[in-house]
Amino acid sequence: MTNALLHPFSPPVKPEADYLEIVRGEGSLVFDVDGKGYVDGIANLWLCQVGHGRTEIIDAVTEQMHRIEAYNTFAPFTNGPAAEVAEMIVERSPHPDGRVFLGCSGSEAVDTALKLARLVQQRRGQEGRQVMIRRTNGYHGTNFGGTSAQGIALNREGWGDLVPHFIEVPHDDLEAAATVFAEHGERIAAVLTEPVQGAGGVHPPVDGYLEGLRHLCDDNGALLIFDEVICGFGRTGSWFGAQTFGVTPDLMTFAKGVTSGYQPLSGVTVSLSVCSELEEPGFLLRTGYTYSGHQASCAAGIANIELMEAEGLVDRVDSIGERLRAGLTALEGDGLLESWRGMGAIYAAELGRDAVSARDKMLEAGVIVRPMGTCLAICPPLVITDDEIGRIIDAMADALR
Ligand SMILES: Cc1ncc(COP(=O)(O)O)c(C=O)c1O
């Protein structure tokens, strides 16, 4: 029997009783309604950096809610938590002298970034620049802008006409991007890319790819947008992928890890030069959300970043990555995997066949990973222990044997 709830990215015909209900969490473990424990190898959905059940964040949100739950930040209003989390985010971002626009979801951040890129081009007198470059395998959320920017073809299908002026390039071929620039350079507003592609199968950039995109954008008057909804907040071993790869975008989206999921919060950081296009006296920025700068979400963001800092979680990524790589390499050596790819604390184990049944076997064994076509994604909380990483690898080995 189904019930009233329509689940995201799920078959609407699936009975409610066939879903797994997670009711509690502690560190890198979550527990279902029957009390069975699981190692959360996917950090909820690529996001729970500080682990589950962290009272520091719960208390910060509760305290904020007791003062006021939320009040909008449309002029003339502002609030302390929004201003404070904005400072904390830009300080750590590739735009320390830039500014940040806040929303709730990654999809909102992506659509806002696309709009801001077009807006900046318009304000520079480049009205003809409307084309956005997207990459195969890219995942950029499910609003209309993000859907149009998807490089996962199935996600674009069935919705009727999408936003026009998107051109797709192969995700690993800089020459192909250069060809598109050669043909359409004067019409290109921006390139949108994840530093490491996540939901499209965990694809780190090929050597020189992100630098190459930066050069193409610079040489042709286009903007570079990094979608760091998964990469941001430590996942690649620095606060942001931009720093890991040494490439500075003009705009950068974030969500997920900014609060570790304790409240919905997202945003777009913009460079000083983008800011300067917006800060003209008399100009009104006509975009935003009721919950842009929601106090309880911002309180969660502040407490989450403080926790990440206090526990050195960004620095833990190296050792997490080392253990995961060693485990995956051993599975590959035993012939259980075709290959693996990834970096930092985000990996995909390539099985070469549909991954759902392996995922199901791992669930039975008390480990959560995410099937994506023919691979299994691992993206654990940044507090995961060596023993818990071992449980992920052992459960994967058993499932594949
Ligand atoms: C890179 C990227 N961008 C955007 C999104 C969309 O975020 P949300 O689901 O919060 O709208 C996601 C979600 O996984 C993502 O991975």
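## Details of the overall build of the chain
Okay, so step 1: The helix and strand inventory of the chain stands at 14 helices and 15 strands.
Okay, so step 2: Taken over C-alpha atoms, the radius of gyration comes to 21 Å for the chain, in line with the 21 Å a tight globule of 401 residues would show.
Okay, so step 3: Based on the C-alpha atoms only, the size of the chain along its principal axes is roughly 60 × 55 × 45 Å.
Okay, so step 4: When each of the 401 residues of the chain is scored for burial, the buried share is 53%.

## Observations concerning the packing of aromatic side chains
Okay, so step 1: Going through the model one piece at a time under the given rule, you end up with 7 aromatic pairs.
Okay, so step 2: Seen from their ring centres, Phe233 and Phe254 are 5.9 Å apart, and the 65° between their planes marks the pair as edge-to-face. Taken together, the positions of Phe233 in the loop between strand 8 (223-227) and helix 9 (241-245) and Phe254 in strand 9 (residues 251-254) put the pair 21 residues apart, joining distant regions of the chain.
Okay, so step 3: Each member of the aromatic cluster is reached from another via a ring pair, and the members are Phe233, Trp239, Phe240 and Phe254.
Okay, so step 4: In this structure, Lys14 is placed above the aromatic ring of Tyr19, and the distance from its NZ or CZ to the ring centre is 5.2 Å.
Okay, so step 5: Sitting over the ring of Phe283, Arg123 keeps its end group 3.9 Å from the ring centre.

## Focus: the environment of Glu84
Okay, so step 1: Looking at the secondary structure, you find Glu84 in helix 3 (residues 80-92).
Okay, so step 2: Taking the C-alpha atoms as reference points, Glu84 and Ile302, 218 residues apart in sequence, are found 7.5 Å from one another.

## Brief notes about the pattern of salt bridges
Okay, so step 1: Counted under the stated rule, the structure contains 16 salt bridges.
Okay, so step 2: The salt bridge partner of Arg123 is Glu280, with a shortest N-O separation of 3.1 Å. Taken together, the residues span a long stretch of sequence, with Arg123 in helix 4 (residues 106-123) and Glu280 in the loop between helix 10 (272-278) and helix 11 (295-310) at a distance of 157 residues.
Okay, so step 3: Owing to a relative accessible area of 28%, Arg123 belongs among the partly exposed residues under this scheme.
Okay, so step 4: Of the charged contacts, one joins Arg214 and Asp218 as a salt bridge, the two residues approaching to 2.8 Å between their closest N and O atoms.

## Points about the sheet that holds strand 13 (residues 367-368)
Okay, so step 1: Strand order in this open sheet of 4 strands is 1-2-3-13, and the pairing throughout is mixed. Among the strands making up the open sheet, the edge pair consists of strand 1 (22-26) and strand 13.
Okay, so step 2: Across 3 bridges, the pairing between strand 2 (residues 29-32) and strand 3 (residues 37-40) is antiparallel. Looking at strand 3, one finds that Leu29 is bridged to Val39.

## Quick word on the packing of helix 3 against helix 11
Okay, so step 1: Two elements in contact, helix 3 and helix 11, have axes separated by 8 Å at closest approach and are oriented at 40°. As far as their axial angle goes, helix 11 and helix 3 are oblique. Considering how the two elements wind past one another, helix 3 and helix 11 form a crossing that is left-handed. Residues Pro81, Ala82, Glu84, Val85, Met88, Ile89 and Arg92 of helix 3 form the contact with helix 11, whose own contacting residues are Gln295, Cys298, Ala299, Gly301, Ile302, Ile305, Glu306 and Glu309.

## Side note on the nonpolar core
Okay, so step 1: Counting 76 residues, the largest nonpolar core has Phe233, Met362 and Met396 as the members making the most contacts within it.
Okay, so step 2: When we break this core down by domain, the ones giving at least three residues each are domain 1 (16-54 + 312-400) and domain 2 (57-310).
Okay, so step 3: Core analysis: the second largest hydrophobic core is formed by 21 residues, Ala117, Ala189, Ile225 and Val270 among them.

## Here's the deal with the domain arrangement of the chain
Okay, so step 1: As assigned here, the chain comprises domain 1 (16-54 + 312-400) and domain 2 (57-310).
Okay, so step 2: Between domain 1 and domain 2, the C-alpha centre-to-centre distance is 27 Å.
Okay, so step 3: Each side of the interface is counted separately: domain 1 has 28 residues, and domain 2 has 30 residues.
Okay, so step 4: Note on domain 1 versus domain 2: buried area summed over both sides is about 2200 Å², and carbon and sulfur give 64% of it.
Okay, so step 5: For the domain 1 face of the interface with domain 2, the top three residues by lost area are Arg54, Val314 and Met343, together amounting to 27%.
Okay, so step 6: Connecting domain 1 to domain 2 are 0 salt bridges.

## Focus: the layout of surface pockets
Okay, so step 1: Taken as a whole, the second largest pocket encloses approximately 1000 Å³ of empty space.
Okay, so step 2: As for the second largest pocket, its lining consists of 30 residues, and the residues nearest its centre are Thr73, Arg99, Val100, Phe101 and Leu285.
Okay, so step 3: Those elements that place two or more of their residues in the lining of the second largest pocket are helix 3, strand 4 (99-103), strand 10 (266-270) and helix 10.
Okay, so step 4: With 5 residues, helix 3 is the largest single contributor of residues to the lining of the second largest pocket.
Okay, so step 5: Here the residues of the lining of the second largest pocket are counted per class, giving 19 nonpolar, 7 polar and 4 charged.

## Points about a nonpolar patch on the surface
Okay, so step 1: A grouping of Ile68, Tyr71 and Phe77 is seen on the molecular surface, where their side chains present a nonpolar patch of about 270 Å² in accessible area.
Okay, so step 2: Examined against the element boundaries, Tyr71 turns out to sit in the loop between helix 2 (55-67) and helix 3.

## What to know about the environment of Tyr289
Okay, so step 1: Following the sequence through the fold, Tyr289 ends up in the loop between helix 10 and helix 11.
Okay, so step 2: If near-sequence neighbours (up to four positions away) are discounted, Tyr289 is found in contact with Phe74, Phe101, Leu102, Gly103, Glu108 and Thr112.
Okay, so step 3: A polar contact of 3.2 Å, which involves the side chain of Tyr289, links it to the side chain of Thr112.

## Some points on the sheet that holds strand 15 (residues 375-378)
Okay, so step 1: Read from one edge of the open sheet, 4 strands run 11-12-15-14, paired in antiparallel fashion. The two strands at the open ends of the sheet, each matched to only one other strand, are strand 11 (339-343) and strand 14 (370-372). Averaged over neighbouring strand pairs, the angle between their axes works out to 25° when direction is ignored.

Criteria and thresholds
Residues numbered from 1 in each chain as written. Predicted model: local features only at pLDDT ≥ 70, side-chain atom pairs only at ≥ 80, totals over all residues. Heavy atoms only, no water. Helix = DSSP H or I, 4+ residues; strand = E, 2+ residues; numbered from the N terminus. Rg over C-alpha atoms; globule rule 2.2 N^0.38 Å. Buried < 20%, exposed > 50% of the residue type's maximum accessible area, 1.4 Å probe, protein only. Phe/Tyr/Trp six-rings, centres within 6.5 Å; stacked < 30°, edge-to-face > 60°. Lys NZ or Arg CZ within 6 Å of the ring centre and 35° of its normal. Salt bridge = Lys/Arg side-chain N within 4 Å of Asp/Glu carboxyl O. Pairing = 2+ DSSP bridges. Axes fitted to C-alpha atoms, helices over the stretch in contact; angles between N-to-C directions. Parallel < 35°, antiparallel > 145°, perpendicular 65-115°, else oblique. Left-handed = near helix turned anticlockwise from the far one by under 90°. Contact = heavy atoms within 4.5 Å. Core = buried A, V, L, I, M, F, W, Y, C linked by side-chain atoms within 4.5 Å. Domains from an automatic or database assignment. Buried area = accessible area lost by both parts, 1.4 Å probe. 1 Å grid on protein atoms, 1.4 Å probe; cavity = no way out; pocket = protein on both sides within 12 Å on 5 of 7 lines; lining within 4 Å. Points joined across faces, edges and corners; volume = space filled by probe spheres on them. Nonpolar A, V, L, I, M, F, W, Y, C, P; charged D, E, K, R; others polar. Patch = residues over 30% accessible without salt bridge, like charges linked within 9 Å, V, L, I, M, F, W, Y side chains within 5 Å. Areas by Shrake-Rupley, 256 points an atom, 1.4 Å probe, with all protein chains shown as cover. Polar contact = N/O pair within 3.5 Å; in protein donor to acceptor, adjacent residues only side chain to side chain.

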